[in-house]
Amino acid sequence: MIVTTKELFRHAYGKYAVGAYNINNLEQTVGLFRGNLGKSKSNDDPVDAAQSAPFILQISRGARSYTDKRFLEAMIRAADEVFPEAVFAVHLDHGTEEACYDCIESGFYSSVMIDASHEKFEKNIEITRRVVEAAHAKGVVVEAELGQLGGVEEDVVGSVKLTKPEEASQFIEQSGCDSLAVAIGTSHGAYKFTGTQGLRLDVLEEIRKAVPEGFPLVMHGSSSVPQEWVDRINNAGGALKGSSGVPEEQYLPAAKMGVCKINIDTDGRLVWCAIYRESFRDQPDDFDPRTPGKKFMPAYADYIAHKNSKLGSAGQLESARKTL
Ligand code: G3H
Ligand code: 13P
Ligand code: ZN
């Protein structure tokens, strides 16, 4: 069942964070739905209530244009039928104004992100306000971003600008956005932290105090870049440099400070890359595209279930469903 992120955040606020996972293809989609229902091995496994979680499926502009956005929509509609127990939002990740309008008009997306964080403060408000008006008229909710993360984000290479708490409250009031992505030290991609950098929970706490009570905050760039997966990739012929991401133990403390949505894309890519590389390494005579896919889907489902246990969303599905 497709719901808005606003409905999910109402249940999650202050208790846990909803995982927001990017998808690009069929295998990721199937693994994602299975993982959020605790069905690791097959679509026909029984739902595991202790592992089941509401989730956000997010689609970047790059994913929309990889083949044709209609393939993604069709795949998600099919997943909604194959997994009728799932409760999820369909969200545009890092949208431009144009992409937001396209998604709002499509009638398929329940939530869009307008990312005008690279613009000046007033201009960011102005653009976000326009998107909010168009979105709310169609029952779609809007995530905006204030501050700048590091790392690579679609076609923008960011330099870090932490979100200023006093600007966050003004931004929310004047833009009318439903949730706000804040820059608190994270960055996109596999190369996040070196040395003593890390998540600024102190800045997050100041933001929480400054914004209206119960207002949902969002954390981008939240992959943990597990060494285990980097090693598996490198042992199977990859050449990834060492790095560290957001420690999974910081997800719940952040959630308790009002972070309702935690964005994870890179970790899923690492799992994909490791499983496919290992498959090609271990079965050099096999050229069936389904061979690595059959290994990836359960591995990804297990990884999603693991992430949800760290986000605190595992086991929340039935309770969340009752509030819809
Ligand atoms: O923040 C960006 C997401 O990780 C999406 O990445 O634009 O390469 O699909 P992408
Ligand atoms: P990661 O690169 O840390 O997975 O962040 C993903 C993200 O923020 C998508 O919007
Ligand atoms: Zn992001």
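Each residue is numbered by its place in its chain's sequence as written, counting from 1. For naming, the first written chain is A and the first written ligand is 1, with later ones following in the order written. Two thresholds apply to this predicted model, a pLDDT of at least 70 for residue-level local features and 80 or more for giving and counting side-chain atom pairs, whereas whole-chain, interface and lining totals are computed over all residues. The side-chain values count all of the structure's non-hydrogen atoms but skip hydrogen atoms and water molecules.

### Topic: the packing of aromatic side chains
Each aromatic pair joins two rings of Phe, Tyr and Trp (for Trp, the six-membered one) with centres within 6.5 Å, and gets the label stacked for planes under 30 degrees apart, edge-to-face for over 60, and tilted for any other angle. Inspection of the entire model under this criterion finds 11 aromatic pairs. Ring geometry for Phe 33 and Phe 55: centres 5.2 Å apart, planes at 90°, overall edge-to-face. Placement of Phe 33 in helix α2 (residues 26–36) and of Phe 55 in strand β2 (residues 55–60) is noted, with a sequence separation of 22 residues between them. Judged by centre distance (6.3 Å) and plane angle (70°), the ring pair of Tyr 276 and Phe 280 falls under edge-to-face. One end of the pair, Tyr 276, and the other, Phe 280, are both in helix α11 (residues 266–282), four residues apart, so they sit about a helical turn from each other. Through a chain of ring-to-ring contacts, three or more aromatic side chains come together here, namely Trp 272, Tyr 276, Phe 280, Phe 296 and Tyr 300. We call a charge positioned over a ring when the NZ of a Lys or the CZ of an Arg lies within 6 Å of the ring centre and within 35 degrees of the ring normal. Over the ring of Tyr 191 we find Lys 241, and its NZ or CZ is 4.7 Å from the ring centre. Numbering of helices and strands runs from the N terminus, with a helix taken as a DSSP run of H or I at least four residues long and a strand as a DSSP run of E at least two residues long.

### Structural notes on the sheet that holds strand β4 (residues 111–114)
When DSSP locates at least two bridges between a pair of strands, those strands are taken to pair. The eight strands are arranged β1-β2-β3-β4-β5-β8-β9-β10 in a closed barrel whose pairing can be described as parallel. Going from strand to strand, the sheet's axes swing by 25° on average, the running direction of each strand aside. Looking at chain direction, strand β3 (residues 88–95) and β4 are connected through three bridges and run parallel. Directly across from Leu 92, in β4, lies its bridge partner Val 112. Each of β4 and β5 (141–146) touches helix α6 (residues 121–136); the most contacted strand, β5, lies at about 170° to it. Contacts were defined at the residue level, with two residues in contact if any of their heavy atoms lie within 4.5 Å. For every element, the axis is a line fit to its C-alpha atoms; helices are fit only across the contacting stretch, and the angle between N-to-C directions ranges from 0 to 180 degrees. Against the sheet, helix α12 (residues 290–311) touches β1 (18–22) and β10 (259–264), its axis set at about 145° to β1.

### Some words on the environment of Tyr 303
If you trace the backbone, Tyr 303 turns up in helix α12. When the C-alpha positions of Tyr 303 and Gly 31 are compared, they lie 9.0 Å apart, and in sequence the two are 272 residues distant. Each residue touching Tyr 303, except ones within four places of it in the same chain, is listed here: Ser 224, Pro 226, Trp 229, Glu 248, Asp 267 and Val 271.

### A few points about the site of ligand 2
Any residue with a non-hydrogen atom lying within 4 Å of a molecule or strand is treated as near it. Neighbouring ligand 2 are 15 residues, the closest being Asp 93, Lys 192, Ser 223, Asp 265 and Thr 266. We call two N or O atoms a polar contact when they sit within 3.5 Å, provided that within protein one can donate a hydrogen and the other can accept it, with sequence-adjacent residues counted only if both atoms are side-chain atoms. In the environment of ligand 2, an oxygen atom lies 3.2 Å from a nitrogen or oxygen atom belonging to the backbone of Ser 222. The contact in question runs from an oxygen atom of ligand 2 to an N or O atom on the backbone of Asp 265, over 2.7 Å. Within the complex, the protein chains bury 96% of what would otherwise be the 310 Å² of accessible surface of ligand 2. When contributions to the shell around ligand 2 are tallied by element, the ones reaching two or more residues are β3 and β10. Classification convention: Asp, Glu, Lys, Arg as charged; Ala, Val, Leu, Ile, Met, Phe, Trp, Tyr, Cys, Pro as nonpolar; all other residues, Gly among them, as polar. Split by residue class, the shell around ligand 2 holds one nonpolar, 11 polar and three charged. Values of accessible area rely on a 1.4 Å probe in the Shrake-Rupley scheme; residue burial ignores everything except the protein chains shown.

### Quick look at the pairing of β10
For a regular strand, side-chain orientation follows a simple rule: the groups alternate between the two sheet faces. Residue burial is assigned from relative accessible area. The probe radius is 1.4 Å, only protein chains are included, and a residue is buried under 20% of its type maximum, exposed over 50%, and partly exposed in between. With six of six residues buried, β10 is to be regarded as a mostly interior element. Taken together, the three bridges between strand β9 (residues 217–219) and β10 define a ladder with parallel strand orientation. By the bridge assignment, Leu 217 is partnered in β10 with Val 259.

### Notes on the packing of α11 against α12
Where α11 meets α12, the closest approach of the two axes is 9 Å, and the angle between their N-to-C directions is 150°. Crossing of α11 against α12: the hand is right-handed. The residues of α12 that touch α11, namely those facing Asp 267, Gly 268, Val 271, Trp 272, Ile 275, Tyr 276, Ser 279 and Phe 280, are Thr 291, Pro 292, Gly 293, Lys 295, Phe 296, Ala 299, Tyr 300, Tyr 303 and Lys 307. Grouping the amino acids of the contact of α11 with α12 by side-chain chemistry returns 10 nonpolar, four polar and three charged. Put simply, a crossing is left-handed when the front helix is turned counterclockwise from the back one by less than a right angle, and right-handed when it is turned clockwise.

### Details of the coordination of the zinc ion (ligand 3)
Note on metal sites: the ideal angle is 109.5 degrees for four tetrahedral donors, and 90 or 180 degrees for six octahedral donors. Coordination sphere of the zinc ion (ligand 3), protein contribution only: His 94 (NE2), His 188 (NE2) and His 220 (ND1), at 2.1 Å. Each donor residue of the zinc ion (ligand 3) lies on one chain, and together they are spaced H-x93-H-x31-H. One end of the pair, His 94, is in strand β3; the other, His 188, is in the loop between β8 (179–182) and α8 (201–210), with 94 residues separating them in the sequence. The residues His 94 and His 188 share a single accessibility class, namely buried. Only N, O and S atoms count as donors, using a 2.8 Å cut-off from the metal and 3.2 Å for Na, K and Ca, and because water is excluded some sites may appear unfinished.

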